[in-house]
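# Examination of the molecular architecture
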Amino acid sequence: MNFVPSNLRNSGRTWCLVLIVVLAWLVISCRLVYLQYIGHRQFARVVARQQVYKEKIPARPGDILDRNGRLLATTIVSNSLYVVPQRLKNEQNVARICDILQLDQTDFLKGLAANRDKLFLWVKRRLSDQELAAIRVLDLSDDVWGFRQEYRRQYPQGALAAHALGLRDIDGKGQGGLEEAFDHLICGEDGYRFLIRDAHGRVIEVRNDSRVAARNGETLVVTLDSIIQLYTERQLQSIVEEWKPKSACAIVMDVKTCEVLAMASVPTFDLNHPAGINESAWKNTAIASIYEPGSTLKPFIVAAALEKGLIHTEEEFDCEQGEYRMGKRLLHDHHSYGILNVTDVLVKSSNIGMAKIGEKLTNPGLYEAVTAFGFGQKTGIQLPGELSGIVRPLKDWNIYSTGSIPMGQEIAVTPVQLITGHVALANQGKLLNPRLIRDQIDHNYFPRSEEEPAQVRPLVSTPIVSAAVADWLVQVPMVETVSRGTGKKAQLEEYVVFGKTGTAQKPDPKTGKYSSELHVSSFICGAPAHDPRVLVLVVVNEPSVGENHYGGTIAGPPAAEILKQTLMYQRVPFDHSSEAPLERTAQRQRNALR
Amino acid sequence: MLFRFSSAILLAVAVSLIGIALEKESLKLKRLVSRQHYQLDVLVNTHAKMKLATQRAGSPRQVLNSIERGELDVESNQQPALSNRREMPLLQWHLTPQKKQAEK
């Protein structure tokens, strides 16, 4: 029997149904609240990760130009080949690819086997145009092989100024030279943009509204001149062929601004093909090698003595016929000299005469002189790896130092320090910072706005000696050194050259004493003497051919040749004529027309 | 009633169609902007490559050696001599008339 009325039974079912529906709706609503409110951020992140891809827009590294706008370094886009090892089933193309890219097939297959479960493996980065064309012909499967675009640094002048420029490694980081020193400016700043992808990972939209453009690297205009650099490197090459030295370097500087017009070292390397070069070739000997300067230091000591009034220009010194005892030490000259005035002490490069000037200056005066001209401290040239040289603390100096320092021993300098000091003499006693950067412009070669000041170092000028002392040294003893002294081989027909030779003995690594065979031969010269424009330093380390290793013989002629070519290239009027060379050429042309 | 209902439907459809058209136009413009970015990249790279090629061809090492070996005939500038230094000396060199004729 059914004791419950049917209307009530129906009502209960209805309520039950309503309850179920309400509960279902409640569950769905809760889930909805959870998805849309509580878990919203988490799910949005997951969706964004799947859909939105942040793509880096690499900044294009800036160019490097020489002072006349010739391109020294630039960047182009090149393709790098990769493979997806997981999907590589058929290895029939591997041999051909290795052959085209000149890869060792065994090594490549080993790398593939080791990364078999990976989705990405570089095959070769930054392919050349020829390699790219040959690979494209193979028509490789897009699922397995692919290209990615990367920037490749190119040096259109080849090995020119290799040490000063430096290079960029496989990851685009500056290594050595200006590339390293100004990496923060040249590199620029990467940008990014967002790509929207579908479920298969295909890009369906590029979100340019949220794009942050890359800030391309700055373009540097350096003080180097490609033509002068080329002249300089050719002369260094001729030194290598003739004297077979261990290394050699040359620096050309503008006297008025202390700008480096050329800086070259041998051995050197090709910037576009740096692989497999000798380790010694990496060294920029112009800034990273130290040596005892020998006689090239003597003008600084004489300048200091003159400046302090301890000697005067006509003063005479007894050079003791080539032998002079200082304490326990017996000093020698290359030739026996009697009485020599200050000019002749420098012209004949008398060690005894210089030692006597050193006695007048005393050790504190000598120390003050060498440090005032910048020795023992970095010049501040904008290159990495510069050495400070060696100037021992004054407390370590003794009676030997009084004789040794004035003849350029017991002190070690870098070539760039030496030429910077001589620039001060040629520039009326004003010491300047050597400079390699002339200007800094944006990637489109437009000048920087005034709101963005250049980050290169300012020119610093400090008077070291009076203009009268500096001018006398340059125009009298240093001119006569070339006209009738140790630098006779550096005479030029066209210009009055001033200079100083240096022949320094090197310590024998076996005995620790000065060797009679190992030398550093150097020569520094400039012109025109009445108004110096250019200074050239050539340093030859351990010439090995012949027995005559004098600086005037080995380094003098090439230094003079570099000087002559530079001055003529810069159209500096000849000294030995009342007419400028180009005016004479024009006159000849006018005569020919008549 | 029917008229009002039809009008509402038509209005909704019209708004939708206009919305779709605007969306399409927006996507088209976005594609255009993307393509222009790409074309700009291509042009910048082409410019860099051409600049590299011209600088390689006229590099002092190559030109000076060619001049010294006599492979390239040059003559000095016929303009009156200037006392100031030349900024771009290589630009002042040009082929002699004989060489030009021979090339023709």
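For the structure, see preceding data.
Notes on the structure follow. Residue positions within a chain follow its written sequence, with the count starting from 1. Each chain takes a letter, starting from A, and each ligand takes a number, starting from 1, following the order in which they are written. Under the rules for a predicted model, residues below a pLDDT of 70 receive no local features and side-chain atom pairs below 80 are neither given nor counted, while totals for whole chains, interfaces and linings still include all residues. With hydrogens and water excluded, all non-hydrogen atoms of the structure serve as input to the side-chain values.

### Remarks on the overall build of chain A
How we decide: Numbered from the N terminus, helices here are DSSP runs of H or I no shorter than four residues, and strands are runs of E no shorter than two. Each residue is assigned to one of three classes by its accessible area relative to the maximum for its type, calculated with a 1.4 Å probe on protein chains only: buried under 20%, partly exposed between the two thresholds, exposed over 50%. Residue contacts follow a heavy-atom distance rule, with two residues in contact if any of their heavy atoms lie within 4.5 Å. Values of accessible area rely on a 1.4 Å probe in the Shrake-Rupley scheme; residue burial ignores everything except the protein chains shown.
Per the secondary structure count, chain A includes 20 helices and 24 strands. Looking at chain A as a whole, 51% of its 594 residues qualify as buried. Put simply, of all contacts in chain A between residues at least 6 apart along the chain, 72% involve residues at least 24 apart. For chain A, the accessible area works out to roughly 28500 Å², and carbon and sulfur atoms hold 52% of it.

### Overview of the packing of aromatic side chains
Note on aromatic pairs: each is described by the distance of the centres and the angle between the planes. Residue and element names in this part refer to chain A. Our working definition: Between rings of Phe, Tyr and Trp, where Trp is taken as its six-membered ring, a pair exists when centres lie within 6.5 Å; planes separated by under 30 degrees are stacked, by over 60 edge-to-face, and by other angles tilted.
With the rule as written, the count across this model stands at nine aromatic pairs over all chains. Between Phe-120 and Trp-122, the ring centres sit 5.0 Å apart and the planes meet at 80°, which makes this aromatic pair edge-to-face. On the basis of relative accessible area, Trp-122 is assigned to the partly exposed category, the value being 28%. Relative to Phe-373, the ring of Phe-300 has its centre 4.7 Å away and its plane inclined at 50°; by these criteria the two rings are tilted.

### Quick look at the sheet that holds strand β8 (residues 191-197) of chain A
Backbone-to-backbone hydrogen bonds join strands into a sheet, with any given pair of strands oriented parallel or antiparallel. Residue and element names in this part refer to chain A. Short version of the rule: Any two strands are treated as partners once DSSP identifies two or more bridges connecting them. In this analysis, axes come from line fits to C-alpha atoms, helices being fitted only over the stretch in contact, and the angle between any two N-to-C directions falls in the range 0 to 180 degrees.
Reading across the sheet, the three strands line up as β1-β8-β9 and stay open at both edges, with antiparallel pairing between neighbours. With one partner strand each, in any of the chains shown, β1 (52-57) and β9 (203-212) form the two edges of the open sheet. Pairwise comparison of adjacent strand axes, ignoring direction, gives a mean angle of 30° for this sheet. Sheet analysis places β8 next to β9, joined by five bridges and oriented antiparallel.

### Topic: the environment of Gln-50 of chain A
Residue and element names in this part refer to chain A. Here Gln-50 is to be found in helix α2 (residues 40-51). Gln-50 sits in the exposed class, given a relative accessible area of 55%. A sequence separation of 151 residues divides Gln-50 from Gly-201, and the C-alpha atoms of the two residues are 8.0 Å apart.

### Notes on unusual backbone geometry
Residue and element names in this part refer to chain A. Going from Val-266 to Pro-267, the amide bond is cis rather than trans, its omega being 0°. With respect to the helices and strands, the residue Pro-267 is situated in the loop between β12 (260-266) and α10 (285-288). Cis geometry is found at the peptide bond from Ala-527 to Pro-528, where omega equals -15°. As for its placement among the helices and strands, Pro-528 is situated in the loop between β23 (514-527) and β24 (534-541). Of note, Ser-349 is a non-glycine position whose phi angle comes to about 55°, a positive value. Phi angles above zero are rare outside glycine, and Thr-362 is one such case at about 65°. Summarising the element assignment, Thr-362 is placed in helix α13 (residues 351-372). According to the relative accessible area criterion, Thr-362 is partly exposed, its value standing at 38%.

### Here we look at the nonpolar core
Residue and element names in this part refer to chain A. Quick note on the threshold: The criterion is simple. A nonpolar core is a set of buried Ala, Val, Leu, Ile, Met, Phe, Trp, Tyr and Cys residues joined through side-chain atoms within 4.5 Å. An automatic or database domain assignment supplies the residue ranges for each domain.
In terms of nonpolar packing, the biggest core is built from 93 residues, with Val-302, Val-370, Phe-375 and Leu-425 touching the most fellow members. If one sorts the elements of this core by residue count, α13 sits on top with eight residues. Mapped onto the domain boundaries, this core takes at least three residues apiece from domain 1 (49-70 + 157-222) and domain 3 (226-268 + 285-438 + 459-569). What Leu-425 contacts, discounting residues up to four positions off in sequence, is Pro-299, Phe-300, Ala-303, Phe-373, Val-465, Ala-470, Leu-473 and Val-474. Core analysis: the second largest hydrophobic core is formed by 38 residues, Leu-160, Ala-490, Val-538 and Ile-554 among them.

### Section: the pattern of salt bridges
Residues and elements named next belong to chain A. Formally: Any Lys or Arg side-chain nitrogen found within 4 Å of a carboxyl oxygen on Asp or Glu counts as a salt bridge.
Taken as a whole and judged by the stated rule, the model has 30 salt bridges over all chains. Across the salt bridge formed by Glu-150 and Arg-125, the nearest N and O atoms sit 2.5 Å from each other. Here Glu-150, found in strand β5 (residues 145-154), pairs with Arg-125, found in the loop between β4 (121-124) and α5 (129-137); they are 25 residues apart in sequence, far enough to count as distant. On the basis of relative accessible area, Glu-150 is assigned to the buried category, the value being 15%. With its nearest N and O atoms 3.8 Å apart, the salt bridge here joins Glu-259 to Arg-438. Taken together, the positions of Glu-259 in the loop between β11 (247-254) and β12 and Arg-438 in strand β20 (residues 437-441) put the pair 179 residues apart, joining distant regions of the chain. On the basis of relative accessible area, Arg-438 is assigned to the partly exposed category, the value being 37%.

### With respect to the side chain of Gln-417 of chain A
Residues and elements named next belong to chain A. Keep this limit in mind: Here a polar contact means two N or O atoms within 3.5 Å. Within protein one must be a hydrogen donor candidate and the other an acceptor candidate, and residues neighboring in sequence count only if both atoms are side-chain atoms.
Looking at the element boundaries, Gln-417 is found in helix α15 (residues 415-426). Within polar-contact distance, the side chain of Gln-417 engages the backbone oxygen of Ser-388 at 2.7 Å. Setting aside residues no more than four positions away along its own chain, Gln-417 makes contact with Gly-374, Phe-375, Gly-376, Gln-377, Lys-378, Thr-379, Leu-387, Ser-388, Gly-389 and Ala-412.

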